[in-house]
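In case you want the letters, here they are:
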Amino acid sequence: MLDPRYILHTDADLAALSQSAALYWLEQAQQAIEQRGVFHVALTGGSTPQPLYRLLARPDMTERIDWSCVHIFIGDERYVAHDHPDSNFGMARDCLLDHVSIPEGNIHPIPTHYEHACEAAEQYANLINAIVPLSGGQAPIFDLIMLGMGDDGHTASLFPGTDILRCDDKSVAAVYVEKLASWRVSMTYPCLNQARQIMVMVSGGSKAAILAHILQKDSETLYPIQAVLPTGEVHWFIDHAAASQLDQSSF
Ligand code: 6PG
């Protein structure tokens, strides 16, 4: 049985799934602002979300929410300067943040100026805890956390075989990713799994086999993204190429 928290949205291609995902994102923002006066959201990095960010930056979309009630965080970051081409924050700025009327004080990038990523992770966790409401277990309760999925089943910077997968006492941690030969700072499972809603965007045939495993009933936990099981729902936005190996009877 497919995890009851999983809600699947399938669209023909990345453009169509970005449109669906944008409407869902705005709906979550509107609900949070109506109910609690604020929308705490963590953006994902990578290439998949870029069309979504550009859609959200369009005037007919930006006008639908009060951006002064939005607090933007980053789910994970490559440990490079924010103006480096690999920076997730730099990408989010280019595609979205420079085009919406959000107060600068509501934009919270992961700092990457400390000598070591571990210090950046600690500082970021402290920042999150000062802004985002905490659960009884002292984990931040984000209204929405956005995620992608790599073709190895990683999400955020929770890569297979890395120590961060075992981190259960911090919301944010640093991780050295051998196969990328680089440091990352990432939200951890305790943080992700406290979110009210999670959205995962998956596009392209290279992820079809892993997605078919993950979204089949009773599948063995082989990939980091399968341990993302929040208190709320996980909305999967997938295009037909990524869904091409799904057995329609499995969900
Ligand atoms: C990152 C992301 C990462 C990403 C996946 C998918 O820093 O790269 O946070 O988790 O979501 O690697 O990346 P694509 O969207 O580029 O396929």
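Notes on the structure follow. Note that this is a predicted model, so its numbers are computed, not measured.

Reading guide: rules and limits
- Residues numbered from 1 in each chain as written.
- Predicted model: local features only at pLDDT ≥ 70, side-chain atom pairs only at ≥ 80, totals over all residues.
- Heavy atoms only, no water.
- Helix = DSSP H or I, 4+ residues; strand = E, 2+ residues; numbered from the N terminus.
- Rg over C-alpha atoms; globule rule 2.2 N^0.38 Å.
- Buried < 20%, exposed > 50% of the residue type's maximum accessible area, 1.4 Å probe, protein only.
- Contact = heavy atoms within 4.5 Å.
- Areas by Shrake-Rupley, 256 points an atom, 1.4 Å probe, with all protein chains shown as cover.
- Lys, Arg positive; Asp, Glu negative; His and termini not counted.
- Charge placed at Lys NZ, Arg CZ, Asp CG, Glu CD.
- Pairing = 2+ DSSP bridges.
- Axes fitted to C-alpha atoms, helices over the stretch in contact; angles between N-to-C directions.
- Core = buried A, V, L, I, M, F, W, Y, C linked by side-chain atoms within 4.5 Å.
- Phe/Tyr/Trp six-rings, centres within 6.5 Å; stacked < 30°, edge-to-face > 60°.
- Near = heavy atom within 4 Å.
- Polar contact = N/O pair within 3.5 Å; in protein donor to acceptor, adjacent residues only side chain to side chain.
- Nonpolar A, V, L, I, M, F, W, Y, C, P; charged D, E, K, R; others polar.
- Disulfide = S-S within 2.5 Å.
- Expected span 1.5 Å × (residues − 1).

**Topic: the overall build of the chain**
Looking only at helices and strands, one finds 7 helices and 10 strands in the chain. Over its C-alpha trace the chain gives a radius of gyration of 17 Å, about what one expects of a compact globule, namely 18 Å for 251 residues. When the backbone C-alpha atoms are referred to their principal axes, the chain occupies close to 45 × 40 × 40 Å. Counting the 251 residues in the chain, one finds 56% classified as buried. Nonlocal contacts in the chain, meaning residues at least 24 apart in sequence, comprise 75% of its contacts between residues at least 6 apart. Of the roughly 10600 Å² that the chain leaves accessible, carbon and sulfur atoms contribute 49%. If the 14 positive side-chain charges of the chain are averaged to one point and the 30 negative ones to another, these points end up 2 Å apart.

**What to know about the sheet that holds strand β4 (residues 76–78)**
The strand order across the open sheet built from 3 strands is β4-β8-β7, with neighbouring strands paired in antiparallel fashion. In this open sheet, the two strands that pair with only one neighbour each are β4 and β7 (172–177). Between one strand and the next, the sheet's axes are offset by a mean angle of 20 degrees, whatever the strand orientation. Alignment of β4 against strand β8 (residues 182–187), held across 3 bridges, turns out to be antiparallel. Each residue of the ladder has a partner; that of E77, found in β8, is V185. Taken strand by strand, helix α5 (residues 117–131) contacts β7 and β8, and its axis lies near 155 degrees from that of β7.

**Structural notes on the nonpolar core**
In terms of nonpolar packing, the biggest core is built from 86 residues, with W25, L43, I145, M199 and W236 touching the most fellow members. Tallying contributions element by element places helix α1 (residues 14–36) first for this core, with 9 residues. Beyond its immediate stretch of four places on either side in the chain, I145 contacts A42, M187, C191, L192, A195, Q197, I198 and M199.

**Regarding the sheet that holds strand β5 (residues 107–108)**
Hydrogen bonds between backbone atoms are what pair the strands of a sheet, whose relative direction is either parallel or antiparallel. With respect to topology, 7 strands assemble into an open sheet ordered β1-β10-β9-β6-β2-β3-β5, the strand pairing being parallel. Looking at which strands have only one partner, the edges of the open sheet turn out to be β1 (6–11) and β5. As paired strands, strand β9 (residues 197–202) and strand β10 (residues 233–239) are joined by 6 bridges and run parallel to one another. Paired with V200 across the two strands is W236, which belongs to β10. The strands touched by α1 within the sheet are β1, β2 (39–43), β3 (70–74), β6 (144–148), β9 and β10, with β9 carrying the most contacts at an inclination of about 170 degrees. Contacts between α5 and the sheet are confined to β2, β3 and β5, with β3 contributing the most and set at about 160 degrees to the helix.

**Regarding the packing of aromatic side chains**
Overall, the coordinates contain 7 aromatic pairs when judged by the stated rule. Measuring from centroid to centroid gives 5.4 Å for Y24 and F237, while their planes differ by 50 degrees, and the two rings are tilted. Note that Y24 is positioned in helix α1 and F237 in strand β10, a separation of 213 residues in sequence. An aromatic cluster is built from W25, F39 and W67, whose rings are joined through pairwise contacts.

**With respect to the site of the ligand**
In the vicinity of the ligand lie 16 residues, with S47, T48, D76, A156 and K207 positioned nearest. A distance of 2.9 Å separates an oxygen atom of the ligand from a polar atom in the side chain of N88. A distance of 2.7 Å separates an oxygen atom of the ligand from a polar backbone atom of A156. Protein contacts shield 87% of the accessible area of the ligand, which totals 410 Å² for the unbound molecule. Its residues placed into classes, the shell around the ligand shows 2 nonpolar, 10 polar and 4 charged.

**Topic: the state of the cysteines**
Counting across every chain of the model gives 0 disulfides. The cysteine C118 is free of any disulfide, with C167 supplying the nearest cysteine sulfur at 11 Å.

**What about α1?**
A rise of 1.5 Å per residue sets the reference length of α1, with its 23 residues, at 33 Å; its end C-alpha atoms lie 32 Å apart and thus fit the reference within 8%. All of the buried residues in α1 are L17, S18, A21, A22, Y24, W25, L26, Q28, A29, A32 and I33. Directly beyond the C-terminal end of α1, a positive phi value near 80 degrees is found at G37.

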